[in-house]
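# Descriptive analysis of the structure
If you want the building blocks of each chain, they are given just below.
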Amino acid sequence: MTASLKSTDPIQQPTAWHRLRTHWEGGEEKVRQGLPHSQLSPAWQILLLGDGSPTRHLQLLTTEPTEVDVIDMSPVGIDRDSAPDAIELVPGPRLRRQVWLKTASGQRLAYAASWWEASHVDEYLQNRSLPIWASLARLRTELYRDVQGLYYGESKALELAFGQEGPFWGRHYLFWHQGKPLTLIYEVFSPYLTQYLGPMQGVIKQ
């Protein structure tokens, strides 16, 4: 059972991105093996560890189209931007994009930050209001989603944005295209999804 909070909008034009303050992290080995079901339920593992499109998964779960609110498009140059180490694989100078993934009726389901080579972002995100997967699918871009890290942690900004208490589960992955890294994506999912996926079973005692 997750607690709901009265939703108030966070800053609309953030100057930083919402990285979780982690209680626990897992790398590629944990991604490959999966987690004990006492730590994270099978349904949540399919969402977090699978290599399918999260926007498609969210649409199937909620029966509503998944929409995108773009809240930030910021040049970050060659700065690492406090991103996961895989940021080094994305050529610079880079552009950081932040979005909310939400239902057509307005319920926020996930947060995502992504980093792109600035000179190519317009090539792949021709309509920046579309989910990344929808944009790339329109271009018939062949992709490999390489999930590399898992996170379980807190974020006050995400509590306010989701209207849900943490902790939250998140992940990061690389999109590969023609053998080269295209973008790095960091996603955090709202506990609101327990309505569809059941309990997260993600309480980790310190």
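Residues numbered from 1 in each chain as written. Predicted model: local features only at pLDDT ≥ 70, side-chain atom pairs only at ≥ 80, totals over all residues. Heavy atoms only, no water.

Further remarks concern the overall build of the chain. What the chain contains, in helices and strands, is 7 helices and 7 strands. When the elements of the chain are put in sequence order from the N terminus, they spell out β-α-α-α-β-β-β-α-α-β-α-β-β-α. Intrachain contacts of the chain at a sequence separation of at least 6 include 70% that bridge at least 24 residues. Of the roughly 10,100 Å² of accessible surface on the chain, 50% is carried by carbon and sulfur atoms. (Helix = DSSP H or I, 4+ residues; strand = E, 2+ residues; numbered from the N terminus. Contact = heavy atoms within 4.5 Å. Areas by Shrake-Rupley, 256 points an atom, 1.4 Å probe, with all protein chains shown as cover.)

Our focus in this paragraph is helix 3 (residues 54–62). Within helix 3 the residues assigned to the buried category are Pro54, Thr55, Leu58 and Thr62. When helix 3 is viewed along its axis, its buried side chains cluster within an angular range of 100 degrees and face the same direction. Downstream of helix 3 by a residue or two, Thr63 has a phi angle that is positive, lying close to 65 degrees. (Buried < 20%, exposed > 50% of the residue type's maximum accessible area, 1.4 Å probe, protein only. Arc of directions from axis to C-beta.)

Pairing in this open sheet of 7 strands is antiparallel, and the strands run 1-5-6-7-4-3-2 from one edge to the other. Across the chains shown, the open sheet's two edge strands, defined by having one partner strand only, are strand 1 (21–26) and strand 2 (66–77). Each strand of the sheet is rotated relative to its neighbour by a mean of 20 degrees, with strand direction disregarded. Sheet topology places strand 5 (residues 144–154) next to strand 6 (residues 168–177); 9 bridges connect them, and they run antiparallel. Across the sheet, residue Tyr152 finds its bridge partner in strand 6, namely Trp169. Docked against the sheet, helix 2 (residues 42–49) engages strand 5, strand 6 and strand 7 (180–189), running at close to 35 degrees with respect to strand 6. (Pairing = 2+ DSSP bridges. Axes fitted to C-alpha atoms, helices over the stretch in contact; angles between N-to-C directions.)

Let us look at unusual backbone geometry. With an omega dihedral of -5 degrees, the bond running from Gly92 to Pro93 counts as a cis peptide bond. The step from Gly166 to Pro167 runs through a cis peptide bond, and the omega angle for that step is 5 degrees. Mapped onto the secondary structure, Pro167 falls in the loop between helix 6 (156–162) and strand 6. Residue Asp81 is not a glycine yet carries a positive backbone phi of 60 degrees. Inspection of the secondary structure assignment puts Asp81 in the loop between strand 2 and strand 3 (94–103). For Asp81, a relative accessible area of 11% corresponds to the buried category.

Here Gln45 is to be found in helix 2. Under the relative-accessibility criterion, Gln45 is labelled buried at 10%. Ignoring anything within four residues of it in the chain, the contact list for Gln45 reads Gly34, Leu35, Pro36, His37, Leu40 and Gly50.

Before going further, it helps to examine the nonpolar core. Grouped together as the largest cluster of nonpolar side chains are 29 residues, with contacts concentrated most on Trp44, Leu48, Leu150, Trp169, Phe189 and Leu193. For this core, the secondary structure elements donating two or more residues are helix 2, strand 3, strand 4 (108–117), strand 5, strand 6 and strand 7. Not counting residues up to four positions away in its chain, the partners in contact with Phe189 are Trp44, Leu47, Leu48, Pro54, Leu109, Ala110, Phe162, Phe168, Trp169 and Arg171. Counting residues in hydrophobic clusters, the runner-up holds 21 residues, among them Trp100, Trp115, Phe168 and Leu174. (Core = buried A, V, L, I, M, F, W, Y, C linked by side-chain atoms within 4.5 Å.)

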